[in-house]
Amino acid sequence: LALYFHMGEREEKCIIEDLPSDTLVVGNYKVQRWDIHKHDFLESAPGLGMFVTVTTPSGEVLLSKLYGPQGTFSFTSYLSGEHIICFQSNSTRFAVIAGSKLRFHLDIRVGEHFLDESAIEAKDKMNEVNVRLEHLIEQIHHVTKEQDYEREREEKFRKTSEETNSNILWWAIVQTLILISVGIWQIKSLRDFFISKKLV
Amino acid sequence: MPPRGSRGPLPPLLLMWALAACAARASEITFELPDNAKQCFYEEIAQGTKCTLEFQVITGGHYDVDCRLEDPDGVVLYKEMKKQYDSFTFTASRNGTYKFCFSNEFSTFTHKTVYFDFQVGEDPPLFPSENRVTALTQMESACVSIHEALKSVIDYQTHFRLREAQGRSRAEDLNTRVAYWSIGEAIILLVVSIGQVFLLKSFFSDKRTTTTRVGS
């Protein structure tokens, strides 16, 4: 748990994960609170917890739970798209306390397959290679899933571009027609007007 | 998202792994940076570790962000303004907490989505040589080369995914702009043309009695 950043006590920080469907995501975090008296971050703060909320691309909430100051959360995506993982502490203290902030350590792993530790411990050489191969196969499956997802997105991209193209063409035609018809109407209307005013 | 964090499976001797001077870690996070905001990340790195920071802006405005990397003494190792994508490798010259920040303070109303990948240390070898007496068998060598190839496949895939996301974001922006502008222009056209005629008619209206009519 090496990477960390600072956030306010009541602040909500979100990260975005673009995932293909059926992908397991596991997150580890640790949160520490700044102590004014010691001028350092406390190693453990009793009662401090974090709300972890995961939202799917369709807006549904996949996971919404309160964990302690240190915890692990996981979820599996069933839709492919941008999932938003939000963290907010459950602190009810007033934010007016100057210098009050939280140090948030985070480690997110996507699509990782957790291997059986006991299988690795086996001294048998064949078994070790077996284990490695299984891991490689898992990685390849993940690559394939990502590629399928990429194909979906490229299709969406292409549709948007083609829609833009046909929009431009359609509106150009419509505007030209409006221009011509309004021009004709203008001339006719003015001519009739001047004739009625006996100016022509 | 490719499997990151611990790259390969743990070596058989867990003790050896725990003693490894540079435990390889990689954190990749995609987050939204609001306008006029700055977001900093910190990581504790041991001396001599080779680290790589790579970042890319995916959506927002002109797709650029300021990035700055400082060592524990505050010495700026890397500083670039308004960069769209960059990759920076450095070796930690001393122990301590390194800090890198992304800033969107130059932008007034566009918030950006930024992706970064911070890799610390090299990956541990797949088949550690401490507990063996013979060289790697063909099977193991094949495993190692497949692993390396897969790592680079995953790397390319991530880059491609980000580029595609960026392209798609631009295309969707363009589409919305074309739609709004076209509708707006059509309405302006109609309003102005009809307005012109009525305005002209009003110049010749009968309200002014001094206007003489020819041949009344």
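Just so it is clear, the structure is predicted and the values come from calculations on it, not from any experiment.

**Q** Where do I start with the overall build of chain B in this structure?
**A** Assigned secondary structure in chain B consists of two helices and eight strands. Moving toward the C terminus, one meets the helices and strands of chain B in the order α-β-β-β-β-β-β-β-β-α. Across the 216 residues in chain B, those meeting the buried criterion constitute 43%. In chain B, 76% of the contacts between residues at least 6 apart in sequence involve partners at least 24 apart.

**Q** Got a minute to help me understand the domain arrangement of chain A in this structure?
**A** Size of an interface, as often reported, equals the accessible area lost when the parts are brought together. All names here are of chain A. Looking at the assigned domains, one finds that chain A contains domain 1 (2-115) and domain 2 (132-165). The interface is formed by 13 residues belonging to domain 1 together with eight residues belonging to domain 2. Inspection of the region where domain 1 meets domain 2 yields one salt bridge. The residue Arg 153 makes a salt bridge to Asp 18 at a minimum N-O spacing of 2.8 Å. Summed over the shared surface of domain 1 and domain 2, the result is five residue pairs in polar contact (both at pLDDT 80 or more). Mapped by element, the contributors of at least two residues to the side of domain 1 that touches domain 2 are strand 2 (12-19) and strand 8 (81-89). Per-class residue counts for the side of domain 1 that touches domain 2 are four nonpolar, six polar and three charged.

**Q** Would you mind going over the UniProt feature "transmembrane region" (unreviewed entry) in chain A with me for this structure?
**A** UniProt tags residues 168-187 of chain A as "transmembrane region" (unreviewed entry). For residues 168-187 of chain A, the end-to-end C-alpha separation is 28 Å, with 100% helix and 0% strand making up the annotated structure.

**Q** It is not clear to me how the domain arrangement of chain B should be interpreted in this structure. Could you clarify?
**A** Residue and element names in this part refer to chain B. Parsing chain B into structural domains produces domain 1 (26-122) and domain 2 (136-203). The C-alpha-based centres of domain 1 and domain 2 are spaced at 25 Å. Taken together, the ten residues of domain 1 in the interface contact ten residues of domain 2. Carbon and sulfur atoms make up 48% of the area that domain 1 and domain 2 hide from each other, which totals about 870 Å². Among the residues domain 1 hides against domain 2, the three largest losses belong to Gln 56, Ile 58 and Tyr 63. Together they make up 56% of the total. For the pair domain 1 and domain 2, the interface holds zero salt bridges. Taken together, the connections running from domain 1 to domain 2 amount to four residue pairs in polar contact (both at pLDDT 80 or more). Per-element accounting of the side of domain 1 that touches domain 2 gives the leading share, five residues, to strand 3 (residues 50-59). The residue inventory of the side of domain 1 that touches domain 2, partitioned by class, reads five nonpolar, three polar and two charged.

**Q** I keep staring at the packing of aromatic side chains and nothing clicks. Help me out?
**A** The description of two aromatic rings rests on the distance between their centres and on the angle between their planes. Residue and element names in this part refer to chain B. A full pass over the atoms with the stated rule returns 23 aromatic pairs over all chains. Aromatic side chains Phe 41 and Phe 116 sit 4.6 Å apart centroid to centroid with 50 degrees between the ring planes, which places their arrangement in the tilted category. Of the two residues, Phe 41 sits in strand 2 (residues 38-45) while Phe 116 sits in strand 8 (residues 112-120), which places them 75 residues apart along the sequence. The exposure class assigned to Phe 116 is buried, which follows from its relative accessible area of 0%. Across the ring face of Tyr 85, the terminal group of Arg 163 is positioned such that the distance to the ring centre comes to 5.7 Å. Of note, Arg 170 hangs over the ring of Tyr 63, and the distance from its end group to the ring centre comes to 4.1 Å.

**Q** Looking at this structure, I do not really get the state of the cysteines. What am I missing?
**A** One way to say it: the disulfide is the covalent bond shared by the sulfur atoms of two cysteines. Evaluated as defined, the whole model comprises two disulfides over all chains. In this model Cys14(A) forms its disulfide with Cys86(A); the gap between the sulfur atoms is 2.1 Å. The chirality of the disulfide connecting Cys14(A) with Cys86(A) is right-handed, given an S-S dihedral of about 105 degrees. Of this pair, Cys14(A) sits in strand 2 while Cys86(A) sits in strand 8, and the two are 72 residues apart along the sequence. For Cys14(A), a relative accessible area of 27% gives the class partly exposed. Residue class for Cys86(A) comes out buried when judged on its relative accessible area of 8%. Lacking any disulfide linkage, Cys67(B) is separated from the closest cysteine sulfur, that of Cys101(B), by 8.2 Å.

**Q** Would you explain a nonpolar patch on the surface in this entry?
**A** Together, Leu199(A), Leu199(B), Leu200(B), Phe203(B) and Phe204(B) make up a nonpolar patch on the protein surface, roughly 470 Å² of accessible area in all. Position of Leu199(B) relative to the elements: it lies in helix 2 (residues 138-203).

**Q** What's the story with the UniProt feature "domain: GOLD" (unreviewed entry) in chain B in this structure? I'm lost.
**A** Per the UniProt annotation, the sites labelled "domain: GOLD" (unreviewed entry) are residues 38-120 of chain B. As annotated, residues 38-120 of chain B has a helix share of 0% and a strand share of 67%, and its two end C-alpha atoms lie 23 Å apart.

**Q** Would you mind going over the nonpolar core with me for this structure?
**A** For soluble globular proteins, nonpolar side chains are generally found buried alongside one another. Core analysis: the biggest nonpolar cluster contains 48 residues, and Phe102(B) and Phe116(B) have the highest contact counts within it. A total of five residues in this core trace back to one element, the largest contributor, which is strand 9 (residues 101-110) of chain A. Phe116(B) has contacts with Leu3(A), Ser27(B), Glu28(B), Ile29(B), Phe31(B), Phe41(B), Leu53(B), Glu54(B), Phe55(B), Phe100(B) and Phe102(B), leaving out every residue within four places of it along the chain. Of all hydrophobic cores here, the second largest spans eight residues; its members include Val129(A), Leu126(B), Cys143(B) and Ile154(B).

**Q** How should the pattern of salt bridges be read in this particular structure?
**A** Any two side chains of opposite charge can pair, on the condition that their charged atoms come close. Counting across every chain of the model gives 14 salt bridges over all chains. Between Arg25(B) and Glu43(B) there is a salt bridge whose closest N-O contact spans 3.0 Å. A residue pair is termed long-range when its members are at least 10 positions apart, and Arg25(B) in strand 1 (residues 25-33) and Glu43(B) in strand 2 qualify at 18 residues. Residue class for Arg25(B) comes out partly exposed when judged on its relative accessible area of 27%. Judged by relative accessible area, which is 1%, Glu43(B) ranks as buried. Beyond isolated ion pairs, a larger network of salt bridges with shared partners links Asp18(A), Glu150(A), Arg153(A), Glu164(B) and Arg168(B).

Definitions and cut-offs
- Residues numbered from 1 in each chain as written.
- Chains lettered and ligands numbered in written order.
- Predicted model: local features only at pLDDT ≥ 70, side-chain atom pairs only at ≥ 80, totals over all residues.
- Heavy atoms only, no water.
- Helix = DSSP H or I, 4+ residues; strand = E, 2+ residues; numbered from the N terminus.
- Buried < 20%, exposed > 50% of the residue type's maximum accessible area, 1.4 Å probe, protein only.
- Contact = heavy atoms within 4.5 Å.
- Domains from an automatic or database assignment.
- Salt bridge = Lys/Arg side-chain N within 4 Å of Asp/Glu carboxyl O.
- Polar contact = N/O pair within 3.5 Å; in protein donor to acceptor, adjacent residues only side chain to side chain.
- Nonpolar A, V, L, I, M, F, W, Y, C, P; charged D, E, K, R; others polar.
- UniProt positions renumbered as here; feature names shortened; annotations may be inferred.
- Buried area = accessible area lost by both parts, 1.4 Å probe.
- Phe/Tyr/Trp six-rings, centres within 6.5 Å; stacked < 30°, edge-to-face > 60°.
- Lys NZ or Arg CZ within 6 Å of the ring centre and 35° of its normal.
- Disulfide = S-S within 2.5 Å.
- Patch = residues over 30% accessible without salt bridge, like charges linked within 9 Å, V, L, I, M, F, W, Y side chains within 5 Å.
- Areas by Shrake-Rupley, 256 points an atom, 1.4 Å probe, with all protein chains shown as cover.
- Core = buried A, V, L, I, M, F, W, Y, C linked by side-chain atoms within 4.5 Å.

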